[in-house]
Amino acid sequence: MSAPTTKMNALQAVNAAIAEAMAADPKVILLGEDVADPEGGGVVGTTRGLSTRFGDDRVKSTPISEQAIIGAAIGAALGGYRPIAEIMLMNFTTIAMDMIVNHAAKLRFMSGGQSQVPITIHMLTGAGASTAGQHADHLEAWFAHTAGLKVVAPSCPADYKGLMLSCIADPDPCIFIESMRTLFVPEDVPDDQGPIELGRANIIQEGNDVTIVAYSGMVITAREAVKKLAEEGISAELIDLRTVAPWDRDCVLASVRKTGRAVLVHEAVRSFGVGAEIAATIHEALFGLLKGPVRRLGAPYSPVPFSKPLENAFLVQPDAVVAAVLSVMG
Amino acid sequence: MHQERGANRAMPDAATQLDIYRRMIRIERNDDATIRTIKQGRLQMPYYSARGQEVIPSAVSVNLNPDDTICTIYRGIHDMVAKGVPLRPLWAEIAGRVTGTCKGKGGPMHITHPESGVMVTTGIVGSSMPIANGLAWAAKLDGSRRVTVAYFGDGASNIGAFHESLNLASLWKLPVIFVCQNNRYAEHSRFDKCTAVDRVAKRAGSYDMPGETVDGNDPFEMYAAAREAIERARDGGGPTLIEAITFRFLGHVFGDDDKYMDKAEKAAAMARDPIPAFRARLLESGVATEQGLADMHKDITAEVEDAMQFALGSEFPSVDELRRDVFATEIAL
Ligand SMILES: Cc1ncc(C[n+]2csc(CCOP(=O)(O)OP(=O)(O)O)c2C)c(N)n1
Ligand SMILES: [Mg+2]
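By convention here, each chain's residues receive numbers from 1 onward along its written sequence. As a convention, the first chain written is A and the first ligand written is 1, with the rest following in written order. With pLDDT at 70 or above as the cut-off, local features in this predicted model cover only qualifying residues; side-chain atom pairs require 80 or more to be listed or tallied, and sums for whole chains, interfaces and linings still use all residues. As a rule here, side-chain values cover all heavy atoms of the structure and leave hydrogens and water aside.

Trainee: Help me understand the overall build of chain A in this model?
Mentor: Secondary structure summary: chain A contains 12 helices and 14 strands in total. We compute the radius of gyration from the C-alpha atoms alone; for a globule the expected value is 2.2 Å times N to the 0.38, where N is the number of residues. Taken over C-alpha atoms, the radius of gyration comes to 20 Å for chain A, in line with the 20 Å a tight globule of 330 residues would show. Reported as C-alpha extents along the three principal axes, the dimensions of chain A are approximately 60 × 45 × 45 Å. Working definition: with a 1.4 Å probe on protein chains only, accessible area under 20% of the residue-type maximum means buried, over 50% means exposed, and in between means partly exposed. Looking at the 330 residues of chain A, the share that counts as buried comes to 61%. It only takes one pair of heavy atoms within 4.5 Å for two residues to be counted as in contact. Expressed as a percentage of contacts within chain A between residues at least 6 apart in sequence, the contacts between residues at least 24 apart total 81%. Put simply, chain A shows about 12100 Å² of open surface, and 54% of that area lies on carbon and sulfur atoms. Charged-residue counts in this description rest on Lys and Arg as positive and Asp and Glu as negative, His and the chain ends being excluded. Every charge is mapped onto a representative atom, which is NZ of Lys, CZ of Arg, CG of Asp or CD of Glu. Side chains of chain A carry 26 positive and 36 negative charges; the gap between the two charge centres is 5 Å. In this text, helices come from DSSP runs of H or I with a minimum length of four residues, and strands from runs of E with a minimum of two, each type numbered from the N-terminal end. Only the protein chains shown count as covering a residue, and every accessible area follows the Shrake-Rupley method with a 1.4 Å probe.

Here it is as C-alpha cells:
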C-alpha cells in the first residue's frame, strides 16, 4: 500500500506549499507583481487563490518595482515576518540585485548575526518558450557565488513542494528557481509531502558506469539521456542536485567515487557555471580515482536566442549528454 | 501637496529642547573624538562625518520610541547616536573589535543595533528606503503604532530606489518617514547640478504624500516637521517626505579637500553652525544655564572618552568569524 497521492504540476505544488505555510504561520506573507487574485494570482497562476483565502494584507500585489519588492521583503523579515517575494522572471532580479546581493545576502554577517532575513524569492525562467535573451536566463551561478544566499532549483512537483516548504521555513534568504520546462507536467505528489532538506541531492536512478549530475529543467534532458544510454548497455547514475547552494558534495563525491566518471549538465551558459565548481571539486577530491576527465555541458557562450533552430542549439539536448558520456567511457 | 508652514506648529517644551541639545552634543563630541583618534592613527576607517547635521536626527529622535526603527546610511553615526545606540559598542564597531555592535564585521558604514532600533545602515546610496518600507509594513501588519524613519542624502533622491519606495509607501499607506538630509553635495557634485528640481520635497507630490522643506539646522522647525510626520504615520495617515536643508562641514569623507566647493558658499554655511546657534538660544530663553551646559559638555566628553578607551582596549574578532553568520548555521561551501 503506497501513501495517498494527488496528481499536480509544479505550479500547483508551489501553491500548495505556500498555502500550507501560510495556514501554519501567520508570519508568512507574500508580495509581488500580480500575485493577488484580482490580478490573476500570478502571471502563470502560481499564487492563485491565496489572497482570497488569506486576505489582502498578507498577499499583496505590488507595482512593477523590483527594488521596492525585495526591499519590503527584507524589511518585513527584519520586523519578524517570513516574506515570500515573487519576481516574475529571473532576469528581472537584475533590477533588484542591490537588495538581494548587498542586503538580503549580507545583513546577517554584517550585523554580526543580529539580523536575519528569512525571505524566499521565487521566479520563473528557462529557454525553450521563444522568449529570447531577456526573459529566459539561468542566473543561479551569480547567486551561488554570493556568500549568504541559498539557491534552490527543483525539477519535479514533489520536490517543488518540499523544497518550497523548506525555503519558507529557512532562516536565510533563498532563491527559488522555477524552470519553465518543469512547470506543467503533472505527477503524483504524496499528500503528506513535507519539507525536503536544503542541500540534499536526490539520486533519481542508481548506476555504476558514470555519474550524471543535473538540476532544474536539465533533469528532464538527463533522464532521456539515461534511457538511451541504458539501451547501449551503459549504467548511468542520475543525480538531481535540487539545491545549487549549498550543493550536496557528499552525494556527488560518493557517486563519482563509485563510477569514476562524471558528466555535469545545466541549462545556464557553460563558462563560469555551476558545473565548473562541481568539476573542480571532483578533481580536487578524487583526482587519482577518475577514469576520465569530468565533462561539463551547458549553453554556448551566447545570450538566449529567439529563432527556433538557434534556441534548440542553445539548449543541451539528450544526444549531447549521451555523446559526452560515451566520450568518457573510453 | 507642498505643505505650507502653519503658525501653530508643535513646539518642543524646555525639557525636549534640552534633550535635543544633549543629543547634538553627544554627536558632536563623538565626531570630534573620532577625528582625533583617526589623526592619531589609532582608528583605520573611512569616515563620513556629519558635523553640521546634528539637529536633524536629534529633533527627529526625541519624537521616537525605543521600538521605533530607523534605516540609515554610511553618513549615519549622528543618526545612530541620536536614536540611542550606546557609545561603547558603537566605538568598538568602528574600531573593528569583537565587542562592537556587529562584532567588527560591519564597521562604521554598516552599524546595526536592533535593541535601539537601528535596523540597517547601508553603504549603498538610496538603499535605506526600500528596507524601511518593509519594517513599516511589518509594524502595520502587527497592528502596532511603530514607525520607521529612512534617512538618506540629497544625492539619493536621484536613484530609482527612492522613487520606487515613495510610490509603494504612499500606495500602501506605510508608517514611514523619509528624511532627506540635503547637505547640498553628493560626493563632489553640487545638488543643483544633478537634480532636476530645486527642492527634493517637491517630489512628494508625484507620490501624493505630504512633503516639506525645512531648515535642518533649526531645531524648532525640524522638531515640528518631524513630530507632525511621525504622528501622522502612527495614526495611519501614511508616509511623509521631509527635506532638511543642512551642510556637511568636513566634506564627503575624512581627508576630503574642498576644491569642488564655492568658497563663499562654504563660508556662509559654516557660519550657520547649528550648535552655537542653539546653545545661544537655550541660554537666552533661560532653558539652560552656562553651568548646566558646561556640566553636560563635560559629562558627554567623558562618556565618549570612556567609549574610545573601551574600544581600543578590546580584542579583534577571531578569524573564525569569517565562517560565522554567513548563514544561521555554519555551512562549509
Ligand atoms: C549606488 C551607489 N552609487 C555610488 C556610491 C558612491 N557614493 C557614496 S556616497 C555618494 C554621495 C551620496 O550623496 P548624498 O546622497 O547626497 O549623501 P551624503 O553623502 O551627502 O550624505 C556616492 C556617489 C554608492 N555608495 N552607492
Ligand atoms: Mg548630500
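Trainee: How should I be thinking about the packing of helix α3 (residues 66–78) of chain A against helix α6 (residues 160–171) of chain B in this particular structure?
Mentor: A pair of packed helices can be characterised by two numbers: the angle between their axes and the separation between those axes. Axis lines are fitted through C-alpha atoms, for helices just across the contact stretch, and the angle between N-to-C directions can take any value from 0 to 180 degrees. It is at 8 Å that the axes of α3(A) and α6(B) come closest, and there the two elements cross at 70 degrees. The angle between α3(A) and α6(B) places the two elements in the roughly perpendicular class. Where α3(A) crosses over α6(B), the two elements pack in a sense that is right-handed. Between α3(A), through A:E66, A:Q67, A:A68 and A:A72, and α6(B), the contact on the second element is made entirely by B:G160, B:A161, B:E164 and B:L168. The cut-offs work like this: below 35 degrees is roughly parallel, past 145 is roughly antiparallel, 65 to 115 is roughly perpendicular, and the gaps in between are oblique. Note on convention: the crossing is left-handed when the near helix lies turned anticlockwise from the far helix by less than a right angle, right-handed when the turn is clockwise.

Trainee: What should I look at first to understand the domain arrangement of chain A in this one?
Mentor: All names here are of chain A. All domain edges in this entry derive from an automatic or database-based domain assignment. You can read the domains of chain A as domain 1 (5–190) and domain 2 (202–329). Between the C-alpha centres of domain 1 and domain 2 there is a distance of 26 Å. Contacts between domain 1 and domain 2 engage 26 residues on the former and 25 residues on the latter. Interface area for domain 1 against domain 2, summed over the two sides, is near 2100 Å², with a carbon-plus-sulfur share of 55%. Whenever Lys or Arg places a side-chain nitrogen within 4 Å of a carboxyl oxygen from Asp or Glu, that contact is recorded as a salt bridge. Linking domain 1 with domain 2 are one salt bridge. For D159, the salt bridge is made with R242, and the minimal N-O distance between the two is 3.1 Å. Think of a polar contact as two N or O atoms within 3.5 Å of one another; within protein, one of them needs to be a possible hydrogen donor and the other a possible acceptor, and neighboring residues in sequence only count if both atoms come from side chains. If you look at where domain 1 meets domain 2, you find 16 residue pairs in polar contact (both at pLDDT 80 or more). As used here, buried area is the combined drop in accessible area, with a 1.4 Å probe, of two parts when they are placed together.

Trainee: How should I be thinking about the coordination of the magnesium ion (ligand 2) in this particular structure?
Mentor: When a metal carries six donors in an octahedron, the ideal angles between them are 90 or 180 degrees, while four donors in a tetrahedron ideally lie at 109.5 degrees. Residues and elements named next belong to chain B. For Na, K and Ca the donor cutoff is 3.2 Å, while for all other metals N, O and S atoms must lie within 2.8 Å; water is not among the atoms, so some sites may look incomplete. The coordination sphere of the magnesium ion (ligand 2), as far as protein atoms go, consists of D154 (OD), N183 (OD1) and Y185 (O), spread over 2.0 to 2.1 Å. Here the donor residues for the magnesium ion (ligand 2) map to a single chain with the spacing D-x28-N-x1-Y. For the pair N183 and Y185, a shared accessibility class is recorded, and that class is buried.

Trainee: How should I be thinking about the packing of helix α1 (residues 10–24) of chain A against helix α7 (residues 157–169) of chain A in this particular structure?
Mentor: All names here are of chain A. Where α1 meets α7, the closest approach of the two axes is 8 Å, and the angle between their N-to-C directions is 30 degrees. If you check the angle between α1 and α7, you find them roughly parallel. Read as a crossing pair, α1 and α7 show a hand that is right-handed. Residues A10, A13, V14, A16, A17, I18, E20 and A21 of α1 pack against P157, Y160, K161, M164, L165 and I168 of α7. Here the contact of α1 with α7 is built from residues that sort into 12 nonpolar, no polar and two charged. In this count, Pro and Cys sit with the nonpolar residues alongside Ala, Val, Leu, Ile, Met, Phe, Trp and Tyr, while Asp, Glu, Lys and Arg are called charged and the others, Gly among them, polar.

Trainee: Could you clarify how one ought to interpret the interface of chain A and chain B in this entry?
Mentor: How big an interface is tends to be expressed through the accessible area that disappears when the partners come together. The interface is formed by 43 residues belonging to chain A together with 39 residues belonging to chain B. Note on chain A versus chain B: buried area summed over both sides is about 3300 Å², and carbon and sulfur give 69% of it. By the criterion of area lost to chain B, the three top residues of chain A are A:F109, A:M110 and A:Q114, representing 19% of everything that side buries. The tally of links from chain A across to chain B stands at one salt bridge. We note a salt bridge from A:K27 to B:D142, for which the minimum N-O separation is 3.4 Å.

Trainee: When you look at the pairing of strand β14 (residues 295–299) of chain A in this model, what are you seeing that I'm missing?
Mentor: Each regular strand carries side chains that alternate between the two faces of the sheet. All names here are of chain A. As paired strands, strand β13 (residues 262–269) and β14 are joined by four bridges and run parallel to one another. Paired with L264 across the two strands is R296, which belongs to β14. Orienting the strands away from the viewer, one traces the path from the first strand over the helix to the second; a clockwise path indicates a right-handed crossover. Of the crossover connections in this fold, the one passing from β13 over helix α10 (residues 274–286) to the parallel β14 is right-handed. If DSSP finds at least two bridges between two strands, the strands pair.

Trainee: Just to check I follow, could you spell out the sheet that holds strand β7 (residues 174–179) of chain A for this structure?
Mentor: The strands that make up a sheet are held in pairs by hydrogen bonds between backbone atoms, and each pair lies either parallel or antiparallel. All names here are of chain A. Strands sit in the order β3-β2-β4-β5-β7-β6-β12 across an open sheet of seven strands; the sheet is mixed. Bordering the open sheet on either side are β3 (59–61) and β12 (243–245), each of which pairs with just one other strand. Along the sheet, successive strands turn relative to each other by an average axial angle of 20 degrees, direction set aside. Pairing analysis gives six bridges linking strand β5 (residues 120–125) to β7, with the strands arranged parallel. Counterpart to T120 in the pairing with β7 is C174. Across the sheet, α1 lies against β2 (28–32), β3, β4 (82–89) and β7, angled at about 135 degrees from β2, the strand it touches most.

Trainee: Where do I start with α1(A) in this structure?
Mentor: What sets the pattern is the α-helix's 3.6 residues per turn: residues three or four places apart point alike. Residues and elements named next belong to chain A. For α1, which comprises 15 residues, the first-to-last C-alpha distance of 21 Å matches the rise-based estimate of 21 Å (1.5 Å per residue) to within 8%. Taken as a whole, α1 has its buried residues at A10, L11, A13, V14, N15, A17, I18, A19, A21 and M22. Two or three places before L11, at the opening of α1, N9 has a side-chain oxygen 3.0 Å from that residue's backbone nitrogen. To estimate how far a helix should reach, multiply one less than its number of residues by 1.5 Å.

Trainee: Mind showing me how you'd approach the nonpolar core here?
Mentor: The nonpolar side chains of soluble globular proteins are, as a tendency, buried together. Residues belong to a common nonpolar core when they are buried Ala, Val, Leu, Ile, Met, Phe, Trp, Tyr or Cys residues joined through side-chain atoms within 4.5 Å. In this structure, A:I70, A:I74, A:I282 and B:F178 are the most contacted members of the largest nonpolar core, which totals 83 residues. Looking at this core element by element, the count peaks at nine residues for α3(A). Shared between two domains, this core takes at least three residues from each, and those domains are domain 1 (5–190) and domain 2 (202–329) of chain A. With near-sequence residues (within four places) excluded, A:I70 lies in contact with A:A85, A:I87, A:A96, A:M99, A:I100, A:I119 and A:I121.

Trainee: Explain the site of ligand 1 here, please?
Mentor: Residues and elements named next belong to chain B. Any residue with at least one heavy atom within 4 Å of a molecule or strand is counted as near it. The environment of ligand 1 is formed by 15 residues, the closest being Y74, R75, D154, G155 and Y185. Contact between ligand 1 and Y74: an oxygen atom at 2.8 Å from a side-chain N or O atom of the residue. Taking V125, its main chain carries an N or O atom lying 3.1 Å from a nitrogen atom of ligand 1. Here ligand 1 loses 74% of its free accessible area of 580 Å² to cover by the protein chains. Residues belonging to the shell around ligand 1 are distributed by class as follows: seven nonpolar, five polar and three charged.

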